[in-house]
Amino acid sequence: MLAKTYYETIHVPMQSHFPTDKIKINYGGRVFNEQEISNLVDSALDFWLTAGKYAQAFEHKFAQFLGVKYCSLVNSGSSANLLAFMTLTSSKLGERKINRGDEIITVAASFPTTVSPIIQYGAIPIFVDITLPTYNIDCSMLEKAISPKTKAVMLAHTMGNPFDIEKVKAFCEKYNLWLIEDNCDSLGAKYFYKGKWHYTGTFGDIATSSFYPPHHITMGEGGAVYTNNPELAKIINSLRDWGRDCWCPSGKDNTCGKRFKWRLGELPYGYDHKYIYSHFGYNLKATDMQAAIGLAQLDKLPYFIEKRNRNWKLLRDGLKDMEDIFILPEATENSQPSWFGFLLTVRDGKRFLRDKIVQYLEKHGIQTRMLFAGNIIKHPCFDEMRKTGQGYRVAGDLKWTDKTMKDTFWVGVYPGITEEMIDYMVKKIKESVKNKK
């Protein structure tokens, strides 16, 4: 009751009302009520601190929502991508194990942490171009990217818009490749496959989500890795929890019933199974306090998805007469996106510069963002790799990737944006290309 009173007394008056004398429309942000605060207080009063009852409840409920068998909560979406990729390097996978020097097909128009685990491990990213107006992988380039060293495809569904899952899955099945779905920006998106609608994140061998504040749901920092494969799920949890062989949850002992009866590696018989390590792992667990917030957010997820898509459509309808100036985004065929933002790309041959439009919008209180890295291989982190000519390969050219790097930006559609704000955004976007200054 006190948490509810606090929310109504402190947070409700702080929530922005539009219009104001100081207009600020963020690209994303937290949308919450007293339930998140109540859950957080409850978990704090328990003072369990690490993963516990709330984490287990979240994993179960999140997996149930998507329709997957196994979900592992982690401390961020970036950790989720790291964990997903490193799972496929486990020696337990035999000949399908990804080794250093093996190749992974991906795109350069991405967030860095879709690519970073590949490079950090010592595998080779093979970059292919995207297509507009979906901003997803150009599937016609997949065959040009394949080689005898290819072991996996690791791709994000761009801005809540699914990539062409049917073509990508068929390609992976043809060549026996792993598929990792980076679902961090697309929670709740659907794709029609083999006569049924399925959520993105359920098509690959492993998928990931992020719960950073601008994403579809938040727990502040947080992420998840999920799969339908029991062997992969066991490896995921081992790597997440220091690399241990034991699968007991935090605070539990002897789940297997033979804690002091194992003989693994060169250890003596009976060595404590809780301290036997089958992988070189990490500690990537989330806290119960984070999970408590996420559990309340999950109840709001259907509304969040609906509101994001409604805001996206209002922007699309409001800017439909600007198609001579901008390439407007479109959903992938056979998909129902769960939009993360609204992408705009200035067409070739126009006198309008992306950067000038962005500056105008920012000046008038509308927050903008680029399409993440634009072209990741153009960034300083790739300087040394470019000098040596080692560490990555480009299949074909990156024409449209470079186009998005130079001419693309996006504005928000998150649930905290009202219709009045959408009208204002449309007005200012139109003004930005009419303003001679």
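Preceding block: the structure.
In this text the structure is predicted, and so the values were computed from the model without any measurement.

How would you explain the packing of aromatic side chains if you had to name every residue and give the values?
If you walk through the whole model with that rule in mind, you get 23 aromatic pairs. Ring geometry for Phe62 and Phe211: centres 5.5 Å apart, planes at 80 degrees, overall edge-to-face. A residue pair is termed long-range when its members are at least 10 positions apart, and Phe62 in helix H3 (residues 53-66) and Phe211 in the loop between strand S10 (206-210) and strand S11 (223-227) qualify at 149 residues. Every member of this aromatic cluster is reached through a ring pair, and the members are Tyr27, Phe111, Phe340, Phe372 and Trp410. Here the basic side chain of Arg96 rests over the ring of Trp178, its NZ or CZ set 3.7 Å away from the ring centre. In this structure, Lys258 packs its charged tip against the face of Trp262, placed 4.1 Å from the ring centre.

Quick one: what's the story with the pattern of salt bridges, residue by residue and with numbers?
Scanning the model with the defined rule gives 22 salt bridges in all. A salt bridge links Asp241 to Arg244, with the shortest nitrogen-to-oxygen separation between them at 3.6 Å. You can call Asp241 buried: its relative accessible area is 5%. Here Arg310 ties to Glu306 by a salt bridge, and the two come within 3.2 Å at their closest N and O atoms. Of the two residues, Arg310 and Glu306 both sit in helix H9 (residues 288-318), 4 residues apart, roughly one turn of that helix. Members of the salt-bridge network, linked through shared partners, are Glu59, Arg240, Asp241 and Arg244.

Summarise the environment of Ala373; cite the residues concerned and give the values.
Its place among the elements puts Ala373 in the loop between helix H10 (354-363) and helix H11 (383-388). Taking the relative accessible area as the measure of exposure, Ala373 reaches 9% and is therefore buried. Taking the C-alpha atoms as reference, Ala373 lies 5.7 Å from Phe111; in sequence the two are 262 residues apart. Excluding its chain neighbours within four sequence positions, the residues that come into contact with Ala373 are Ser110 and His379.

Tell me about unusual backbone geometry, and please be specific about residues and values.
Leu132 connects to Pro133 through a cis peptide bond whose omega is 15 degrees. Unlike most non-glycine residues, Trp242 shows phi in positive territory, near 70 degrees. Secondary-structure assignment places Trp242 in the loop between helix H8 (230-240) and H9. For Asn334, which is not glycine, the phi torsion reads 65 degrees and is therefore positive.

Outline the pairing of strand S8 (residues 190-193), supporting the account with residue identities and numerical values.
Alternating residues of S8 divide into Tyr191 and Tyr193, all buried, and Lys190 and Phe192, none buried. Between S8 and the antiparallel strand that follows it, strand S9 (residues 196-199), lie 2 residues; Lys194 among them carries a positive phi value of about 55 degrees. Of the pairings in the sheet, the one linking S8 to strand S13 (residues 335-336) comprises 2 bridges and is antiparallel in character. Pairing of Lys190 across the sheet is with Gln336, part of S13.

I'd like to hear about the pairing of strand S14 (residues 341-346), residue by residue, with values.
Working note: regular strand, side chains alternate between the two faces of the sheet. Taking burial as the measure, the 6 residues of S14 include 6 buried ones, the bulk of the element. With burial as the criterion, each face of S14 is covered, one bearing Gly341, Leu343 and Thr345 and the other bearing Phe342, Leu344 and Val346. Inspection of the sheet shows strand S12 (residues 326-327) paired to S14 by 2 bridges, in the antiparallel sense. Along S14, the bridge assignment pairs Ile327 with Thr345.

Describe the packing of helix H1 (residues 2-14) against helix H2 (residues 34-46), with residues and values.
Running from amino to carboxyl end, H1 crosses H2 at an angle of 130 degrees, the nearest separation of the two axes being 8 Å. Here H1 lies oblique to H2, going by the angle between them. As H1 packs across H2, the resulting crossing turns out to be right-handed. Contacts between H1 and H2 involve Ala3, Lys4, Tyr7 and His11 on the former and, on the latter, Glu34, Ile37 and Ser38. When its residues are assigned to classes, the contact of H1 with H2 shows 3 nonpolar, 2 polar and 2 charged.

Would you mind going over the sheet that holds strand S1 (residues 70-74) in detail, with residue names and values included?
In a beta sheet, neighbouring strands pair by backbone hydrogen bonds and run either parallel or antiparallel. Taken in spatial order, the 8 strands make up an open sheet running S1-S11-S10-S7-S6-S2-S3-S15, and their pairing is mixed. At either end of the open sheet lies a strand with only one pairing partner, and these are S1 and strand S15 (393-394). Where strand S3 (residues 124-128) and S15 come together, 2 bridges link them in parallel fashion. Pairing of Phe127 across the sheet is with Val394, part of S15. Contacts from helix H5 (residues 112-121) reach strand S2 (103-107), S3, strand S6 (150-156) and strand S7 (178-182), with the element oriented near 145 degrees to S3.

Cut-offs used in this document
Per chain, residues are indexed from 1 in the order of the written sequence. Since the coordinates come from a predicted model, pLDDT governs what is reported: local features require at least 70, and pairs of side-chain atoms require 80 or more to be given and counted, while whole-chain, interface and lining totals use all residues. Only hydrogens and water are removed before side-chain values are computed, so all heavy atoms of the structure are retained for them. Any two of the Phe, Tyr and Trp rings considered here, Trp counted by its six-membered ring, make a pair once their centres fall within 6.5 Å; the pair's planes then place it as stacked at under 30 degrees, edge-to-face at over 60, or tilted in between. Each helix corresponds to a stretch of at least 4 residues labelled H or I by DSSP, and each strand to a stretch of at least 2 residues labelled E; elements are numbered beginning at the N terminus. By definition, being over a ring means that NZ of Lys or CZ of Arg is both within 6 Å of the ring centre and within 35 degrees of the ring normal. Throughout this description, the term salt bridge denotes a Lys or Arg side-chain nitrogen within 4 Å of a carboxyl oxygen of Asp or Glu. Only protein chains enter the accessibility calculation, which uses a 1.4 Å probe. A residue is then buried if its area is under 20% of the maximum for its type, exposed if over 50%, and partly exposed in between. Any two residues having at least one pair of non-hydrogen atoms within 4.5 Å are treated as being in contact. Whether two strands pair comes down to DSSP finding at least two bridges between them. Axis definition: a line fit to C-alpha positions, over the contact stretch in the case of helices; interaxial angles, taken between N-to-C directions, run 0 to 180 degrees. Roughly parallel refers to an angle under 35 degrees, roughly antiparallel to one over 145, roughly perpendicular to one between 65 and 115, and oblique to any angle outside these ranges. Each crossing gets its hand from how the near helix is turned against the far one by less than a right angle, where anticlockwise is left-handed and clockwise is right-handed. Gly is placed with the polar residues, together with every amino acid not listed as nonpolar (Ala, Val, Leu, Ile, Met, Phe, Trp, Tyr, Cys and Pro) or charged (Asp, Glu, Lys and Arg).

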